[in-house]
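# Analysis of the macromolecular model
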Amino acid sequence: MTLLQNDHISEIHDGKRVIVKKPELLAPAGNLEKLKIAVHYGADAVFIGGQEFGLRSNAGNFSIEEIHEGVKFARKYGARIYVTTNIFAHNENMTGLEAYLRALENAGAAGIIVADPLIIEACKQVAPKLEIHLSTQQSLTNWKAVQYWKEEGLHRVVLARETSAEEIKRMKENVDIEIESFIHGALCIAYSGRCVLSNHMTARDSNRGGCCQSCRWDYDLYAVEDGESKPLFEEGNEAFAMSPKDLKLIESIPKIIELGIDSLKVEGRMKSIHYIATVVSVYRKVIDAYCADPDHFKIKQEWLEELDKCANRETASAYFEGAPGYEQQMFGEHGKQTKYDFVGMVLEYDEETKMVTLQQRNYFKPGDEVEFFGPEIENFTVVIDEVWDEDGESLDAARHPLQIVRFKCGHKLYPHNMMRKEMR
Amino acid sequence: MKKPELLVTPKSVEHIRALIQAGADAFLIGEQQFGLRLAGEFNIEQITEATKFIHHSGKKVYVAMNAIYHNDRVDRLASYMQKLSEIGVDAIVFGDPAVVMIKRETGIPIPLHWNPETIATNWFQANYWGKRGATRAVLARELSMDEIIEIKENAEVEIQVQVHGMTCMFQSKRPLLGHYFMYEGKAMEVENRKHARNMYLHDKERNSKYPIYEDLNGTHIFSPNDVCMIDELEELLEAEIDAFKIEGVLQSEDYVIAVTKCYRQAIDAYAESPDAYFDIKEELLAKIEEIQPKLRPLDTGFFFKETVY
Ligand code: SF4
């Protein structure tokens, strides 16, 4: 692949090419715990929702104090926090904006993700230390529009999910601005910002966070001929559906890095900590491995398998590798169960006694085969022996959510390592 | 009282003649390469012809350039705008900032109307694009009457509101109908129905029918009802909204002509006196109900319906 003109991506060190422009890995977080996990598992930046002006009213949102705490935590790892403020405001949403933006700036957020020029202009005025990132809600699809937002003084643009690698290349060649692109997670099948199905069907405003995913419901397709409705489906056909497979670009990471894309975004503020930890740690490994030695890089089967352990829908490459065909949609199925349950988080490990202290997150019992993973360790599998509660009472099972339990494990573990169990 | 401009979307040059007779003040035309969800296709020659005719009648013509452009189409925007400028159209309707950039770079002296559809939701944005060359903002159809009026009160640009017809609820770049047929192994249908505009999705739970079609810009899905404000125009007229649009997409030529006549009558009556309008509004509504296709119930859109989030 040829290198881009305006971006210095790799250098030769001691006869070996290395990537010097390492992209940011950007993860979602719906609450403080998820934020900390994302950072701990290797995210360079985390995007969160505040309590106002953001989509996903139900994603779990941060108070200003929580944002401040999140920022402090992230700083210890050199990570940054962005706050989504990406509604298209109605008149009634216009008050309180300036105070809110100042509060975000004071809380130490690195930037905001914005769609409405109202919020862009207010931010420039009252909170100039915040970076302004254009939200995908603006459905940015061409280099000329990228140039427009550059001239408006934005730091970064998040592209529409409908842009291909070829298209991004041309944007990068023509405009000197940071580009953020989605690599993993759920998608809108519509151009973002251009879908008001939920407004019509359920009186909930999708552009203010009210989307209820009406696109994923089933419909029947008819044609009107001579004034009569004629079904375009037969016995045994699936219903008309618009449900897209989720995005997964793990195998395109090399191309994405060589394109000089600045930030790789994982979607899903509503996702569990297990999901965030799994996805972030896998992409962390892929990005690090590629950047260290791009010319001998090979994707490892174990990474692909690991990523699948938290998937609950089928996945595809959407527009990045060219226009998606019908195989990238789902008909007659509505997601599947994840293959693994997240069953516990390590709180402590005593190297001398080999005793793990763990917070229960899902039912497990002695005799279960479980897998541990975390940023400090290679994944391993063990069979659980005897389990005790905090008072040293032996348990036949760990039944209670958040219960503190202990058991022995021969491998060294670290706080925040996670334990998962395959579902059978 | 200042009369609002009555803007319609014709299907053909012939249709324009009839619509001028019916009382339309302005016309929105264009082609799918550059514009979204047009009632008819007008290539450059047809735009030239239509413009001559429309201007001769003292009316206005606007050209739709409100598609969501990918790089390939951006390359063609400047020459298209140049041609439109030579033809002398009265405004270009845009949603993508690429159009603003090209106008800036080339200095092409055509006024812009800002119309990104769903996202035009507050007066700040209207004025923001006003400072960047727009003389008019076309409001999202998902706004309430109160919101529209507050926007008008604070706007430094003209405000256009759709008062009649269906609205787009959804645009995907993916060819969703084609994909469905492919999935079902009906390759013939993909070809046969590529340009068809007679399909709809049936939502059994709500018993609603949503028109759907595909074109160069992807898949478009429309509202189950046609907005009809013929008997509810008072507040919009009082607020001096600058333009009323009758959307003609997926409607017949005759239907659009008849509806245009009704709105013409309503606006003229109100200008005479509010009472004159009150006297005829029920009658006008009845006229429209009479010609309304049976699969398309009328309603008042989001004018009197609140959304939550
Ligand atoms: S209904 Fe579907 S396409 Fe529309 S905004 Fe919601 S997720 Fe996106």
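It should be emphasised that the depicted structure is a prediction, and the values quoted were computed from it without experimental measurement.

### Structural notes on the overall build of chain A
Helix and strand counts for chain A stand at ten helices and 24 strands. The C-alpha atoms of chain A give 23 Å as radius of gyration, which agrees with the globular expectation for 424 residues (22 Å, within 12%). Across its three principal axes, chain A shows a C-alpha extent of roughly 70 × 65 × 50 Å. Counting over 424 residues, chain A shows a buried share of 62%. If you take every contact in chain A between residues at least 6 apart in sequence, the share linking residues at least 24 apart comes to 67%. Accessible surface, chain A as shown: approximately 16,800 Å² in total, 45% of it carbon and sulfur.

### Here we look at the pairing of strand β7 (residues 131-134) of chain A
All names here are of chain A. Burial of β7 is two-sided: the residues Glu131 and His133 facing one way and the residues Ile132 and Leu134 facing the other way are all buried. As defined by bridge partners, strand β6 (residues 111-114) adjoins β7 across four bridges and the pair is classed as parallel. Among the inter-strand pairings, Ile113 is bridged to a residue of β7, identified as His133. Between the parallel elements β6 and β7, the chain passes through helix α4 (residues 117-126) in a crossover that is right-handed. Relative to strand β8 (residues 156-158), β7 is paired through two bridges, and the arrangement is parallel. Within the sheet, the bridge partner assigned to Leu134 lies in β8 and is Val157.

### Comments concerning the sheet that holds strand β11 (residues 218-222) of chain B
The antiparallel open sheet is built from six strands, whose spatial order is β11(A)-β10(A)-β9(B)-β10(B)-β11(B)-β8(B). Strand pairing shows two members of the sheet lacking a second neighbour, β11 (228-231) of chain A together with β8 (168-172) of chain B, which therefore form its edges. The average angle at which neighbouring strand axes cross in this sheet is 30°, direction not considered. With four bridges connecting them, strand β10 (residues 208-215) of chain B and β11 of chain B associate as antiparallel partners. Across the sheet, Glu214 of chain B pairs through a bridge with Thr219 of chain B, a residue of β11 of chain B.

### Concerning helix α4 (residues 97-106) of chain B
Those residues of α4 of chain B lying buried are Pro97, Ala98, Val99, Val100, Met101 and Ile102 of chain B. Phi turns positive one or two residues past the end of α4 of chain B, at Gly107 of chain B, with a value near 70°.

### Here we look at the domain arrangement of chain A
Residue and element names in this part refer to chain A. Per the domain assignment, the segments making up chain A are domain 1 (5-191 + 244-330), domain 2 (197-231) and domain 3 (340-422). Computed from C-alpha atoms alone, the centre-to-centre distance between domain 1 and domain 2 is 30 Å. Every contact between the two is made by 16 residues of domain 1 and, on the other side, seven residues of domain 2. Between domain 1 and domain 2, the buried area comes to about 820 Å², and carbon and sulfur atoms account for 42% of it. For Glu92, the salt bridge identified is with Arg208, shortest N-O distance 2.9 Å. On inspection of domain 1 and its partner domain 2, the count reaches seven residue pairs in polar contact (both at pLDDT 80 or more).

### As for the side chain of Thr278 of chain A
Residue and element names in this part refer to chain A. Considering the arrangement of structural elements, one finds Thr278 in helix α9 (residues 273-292). On the accessibility criterion, Thr278 (0% relative accessible area) is buried. Beyond its immediate chain neighbours, meaning those up to four positions away, Thr278 contacts Glu306, Leu307, Cys310, Phe373 and Arg420.

### A look at the sheet that holds strand β23 (residues 404-408) of chain A
Residue and element names in this part refer to chain A. With antiparallel pairing, eight strands are arranged side by side in an open sheet as β20-β19-β24-β17-β18-β23-β21-β22. In this open sheet, the two edge strands, each paired with only one partner strand, are β20 (377-383) and β22 (394-395). Taken together, the three bridges between strand β21 (residues 387-389) and β23 define a ladder with antiparallel strand orientation. Counterpart to Trp388 in the pairing with β23 is Arg406.

### A closer look at unusual backbone geometry
Residue and element names in this part refer to chain A. The phi dihedral of Asp226 falls on the positive side, at around 50°, and the residue is not glycine. By the secondary structure assignment, Asp226 is in the loop between β10 (220-225) and β11. Looking at Asp226, the relative accessible area reads 81%, which means it is exposed.

### Some points on the site of the ligand
All names here are of chain A. By nearness alone, every residue bordering the ligand is listed as Cys188, Ile189, Ala190, Cys195, Cys211, Gln213, Ser214 and Cys215. For the shell around the ligand, the residue count by class is six nonpolar, two polar and no charged. Counting residues domain by domain, the shell around the ligand receives three or more from each of domain 1 (5-191 + 244-330) and domain 2 (197-231).

### Some points on the pattern of salt bridges
Residues and elements named next belong to chain A. For the structure on display, the rule yields 56 salt bridges over all chains. A salt bridge links Arg284 to Asp44; the shortest N-O distance between them is 3.1 Å. On the criterion of sequence distance, the pair formed by Arg284 in helix α9 and Asp44 in the loop between α1 (32-40) and β4 (45-49) is long-range, its members being 240 residues apart. Residue class for Arg284 comes out buried when judged on its relative accessible area of 13%. According to the relative accessible area criterion, Asp44 is partly exposed, its value standing at 27%. Ionic pairing is found between Lys309 and Glu306, a salt bridge with its closest N-O pair at 3.5 Å.

### Focus on the domain arrangement of chain B
How large an interface is tends to be reported as the accessible area lost when its parts come together. Residues and elements named next belong to chain B. Looking at the assigned domains, one finds that chain B contains domain 1 (5-166 + 226-299) and domain 2 (171-219). The C-alpha-based centres of domain 1 and domain 2 are spaced at 26 Å. Of the residues lining the interface, 15 residues belong to domain 1; the matching set on domain 2 comes to ten residues. Sorting the residues of domain 1 by area buried against domain 2 places Gln32, Leu250 and Leu295 first, and these three jointly supply 44% of that buried surface. At the junction of domain 1 with domain 2, the criterion picks out zero salt bridges. Connecting domain 1 to domain 2 are six residue pairs in polar contact (both at pLDDT 80 or more). Residues of the side of domain 1 that touches domain 2, tallied by class, amount to eight nonpolar, four polar and three charged.

### Observations regarding the interface of chain B and chain A
Across the contact, 71 residues belong to chain B and 76 residues belong to chain A. At the boundary of chain B with chain A, total buried surface from both sides reaches about 6,900 Å², with 57% on carbon and sulfur atoms. It is Arg174, Tyr180 and Tyr309 of chain B that lose the most area in chain B upon contact with chain A, and together they represent 12% of the buried surface on that side. The tally of links from chain B across to chain A stands at 42 residue pairs in polar contact (both at pLDDT 80 or more). The set of elements that each furnish at least two residues to the side of chain B that touches chain A consists of α3 (71-87), α4, α5 (123-131), α6 (145-154), β8, α7 (176-183), β9 (199-203) and β10 of chain B. Tallied by class, residues from the side of chain B that touches chain A come to 37 nonpolar, 15 polar and 19 charged. Two strands pair when backbone bridges link them, and β10 of chain A and β9 of chain B are joined in this way by four bridges, in the antiparallel orientation. In the strand pairing of β9 of chain B, Ala223 of chain A is matched with Met199 of chain B.

Analysis parameters
Residues numbered from 1 in each chain as written. Chains lettered and ligands numbered in written order. Predicted model: local features only at pLDDT ≥ 70, side-chain atom pairs only at ≥ 80, totals over all residues. Heavy atoms only, no water. Helix = DSSP H or I, 4+ residues; strand = E, 2+ residues; numbered from the N terminus. Rg over C-alpha atoms; globule rule 2.2 N^0.38 Å. Buried < 20%, exposed > 50% of the residue type's maximum accessible area, 1.4 Å probe, protein only. Contact = heavy atoms within 4.5 Å. Areas by Shrake-Rupley, 256 points an atom, 1.4 Å probe, with all protein chains shown as cover. Pairing = 2+ DSSP bridges. Right-handed = clockwise from strand over helix to strand, strands pointing away. Axes fitted to C-alpha atoms, helices over the stretch in contact; angles between N-to-C directions. Domains from an automatic or database assignment. Buried area = accessible area lost by both parts, 1.4 Å probe. Salt bridge = Lys/Arg side-chain N within 4 Å of Asp/Glu carboxyl O. Polar contact = N/O pair within 3.5 Å; in protein donor to acceptor, adjacent residues only side chain to side chain. Near = heavy atom within 4 Å. Nonpolar A, V, L, I, M, F, W, Y, C, P; charged D, E, K, R; others polar.

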